[in-house]
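Spelled out from the first residue to the last, the chains are:
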Amino acid sequence: MITRIDHLGIAVRSIEAALPYYEKALGLKCAHREEVPSQQVKTAFFDVGEVHLELLEPTSPESPVAKFIEKNGEGIHHIAFATTDINGQLGQAKGAGTRLIHEQPFEGAAGKLVAFLHPKSTFGVLTEFCAPKA
Ligand code: ZN
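Residues numbered from 1 in each chain as written. Predicted model: local features only at pLDDT ≥ 70, side-chain atom pairs only at ≥ 80, totals over all residues. Heavy atoms only, no water.

*Asks:* Before we go on, may I ask you to explain the overall build of the protein chain in this structure?
*Replies:* Looking only at helices and strands, the protein chain features 3 helices and 8 strands. When the helices and strands of the protein chain are placed in sequence order, the string is β-α-β-β-β-α-β-α-β-β-β. Relative to the globule expectation of 14 Å for 134 residues, the C-alpha radius of gyration of the protein chain, 14 Å, shows essentially globular dimensions. For the protein chain, contacts bridging at least 24 residues in sequence account for 52% of all contacts bridging at least 6. In the structure as shown, the protein chain presents an accessible area of about 7,400 Å², 56% of it carried by carbon and sulfur atoms. Taking the average place of the 13 positive charges on the side chains of the protein chain and the average place of its 16 negative ones, the gap between the two points comes to 4 Å. (Helix = DSSP H or I, 4+ residues; strand = E, 2+ residues; numbered from the N terminus. Rg over C-alpha atoms; globule rule 2.2 N^0.38 Å. Contact = heavy atoms within 4.5 Å. Areas by Shrake-Rupley, 256 points an atom, 1.4 Å probe, with all protein chains shown as cover. Lys, Arg positive; Asp, Glu negative; His and termini not counted. Charge placed at Lys NZ, Arg CZ, Asp CG, Glu CD.)

See the structure below:
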């Protein structure tokens, strides 16, 4: 079951360049920074109430986020739903005809299990499910 929006992923060329906007212009505090080698990105998280913002900076031109920026420019990259059962959620989406990018969840940032649905079958929104690691 989806319980809430966990975070919005925002693609940036440089976290260093984007930080002053989030910290000074918006007054948010960076809660957590982490490199995620599996996705070839550096991340920075901001808490906005229950929801987080996840800045994503590619660490390689091969990174999916680098390809996204090349195609679309910087901006909102994905929406992530927290779910109580990530495998069940993937099965439900697949059963409803949605194309999955990942059939199996993998470890994303902040020690969570994550998996993505393909934007071609989600009306243009790259969609992530995330769940705490059991
Ligand atoms: Zn995410």
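*Asks:* What am I meant to see in helix H2 (residues 64–72) here?
*Replies:* Along an α-helix, residues three or four positions apart point the same way, because every turn accommodates 3.6 residues. The complete set of buried residues in H2 reads Val 65, Ala 66, Phe 68 and Ile 69. In a view along the axis of H2, the buried residues occupy a sector of 160 degrees, so they form one face of it. Exposed residues pointing more than 90 degrees away from the buried face of H2 are listed as Glu 70 and Lys 71. On the buried face of H2, the contacting elements are strand E1 (2–11), strand E3 (41–48), strand E4 (51–58) and strand E5 (75–83). The opening residue of H2 is Ser 63, an N-cap whose side-chain oxygen sits 3.1 Å from the backbone nitrogen of Val 65. (Buried < 20%, exposed > 50% of the residue type's maximum accessible area, 1.4 Å probe, protein only. Arc of directions from axis to C-beta. Polar contact = N/O pair within 3.5 Å; in protein donor to acceptor, adjacent residues only side chain to side chain.)

*Asks:* Mind showing me how you'd approach the pattern of salt bridges here?
*Replies:* Working definition: two side chains of opposite charge can pair if their charged atoms are close together. Evaluated as defined, the whole model comprises 8 salt bridges. Residue Arg 33 pairs with Glu 16 through a salt bridge whose shortest N-O separation is 2.9 Å. Here Arg 33 is found in strand E2 (residues 30–36), whereas its partner Glu 16 is found in helix H1 (residues 15–25), with 17 residues between them in sequence. For Arg 33, a relative accessible area of 41% translates into the label partly exposed. (Salt bridge = Lys/Arg side-chain N within 4 Å of Asp/Glu carboxyl O.)

*Asks:* Help me understand the pairing of E2 in this model?
*Replies:* Regular strands place their side chains on alternate faces of the sheet. In this structure, E2 lies alongside E3, joined through 6 bridges in antiparallel fashion. The residue bridging Cys 30 from the neighbouring strand is Phe 46, located in E3. (Pairing = 2+ DSSP bridges.)

*Asks:* What is the right way to look at the coordination of the zinc ion in this model?
*Replies:* When four donors bind a metal tetrahedrally, each ideal donor-metal-donor angle is 109.5 degrees, and when six bind octahedrally, the ideal angles are 90 or 180 degrees. The zinc ion binds to the protein through His 7 (NE2), Glu 54 (OE), His 78 (NE2) and Glu 128 (OE); the donor distances cover 2.0 to 2.3 Å. Around the zinc ion sit 4 donor atoms, and with donor-metal-donor angles ranging over 86 to 169 degrees the site reads as irregular. (Donors = N, O, S within 2.8 Å, 3.2 Å for Na, K, Ca; no water. Tetrahedral: all angles 85-135°; square planar, octahedral: opposite > 155°, others 65-115°.)

*Asks:* Looking at this structure, how should I read the side chain of Ser 60?
*Replies:* Mapped onto the secondary structure, Ser 60 falls in the loop between E4 and H2. A polar contact is formed between the side chain of Ser 60 and the side chain of Gln 40, at a distance of 3.3 Å. In terms of polar contacts, Ser 60 uses its side chain to reach the backbone amide nitrogen of Glu 62, at 2.8 Å. Apart from residues no more than four positions distant in its own chain, Ser 60 is found in contact with Gln 40 and Ala 66.

*Asks:* How should the layout of surface pockets be read in this particular structure?
*Replies:* Space left empty within the atom packing is revealed by a probe, the size of a water molecule, rolled over the atoms. Of the volumes computed, that of the largest pocket is approximately 830 Å³. Lining the largest pocket are 38 residues, with Pro 64, His 77, His 78, Phe 116 and Leu 126 positioned closest to its centre. Elements that contribute at least two residues to the lining of the largest pocket include exactly E1, E2, E3, E4, H2, E5, strand E7 (112–117) and strand E8 (127–132). Considering every element that reaches the lining of the largest pocket, the biggest residue donor is H2, with 6 residues. (1 Å grid on protein atoms, 1.4 Å probe; cavity = no way out; pocket = protein on both sides within 12 Å on 5 of 7 lines; lining within 4 Å. Points joined across faces, edges and corners; volume = space filled by probe spheres on them.)

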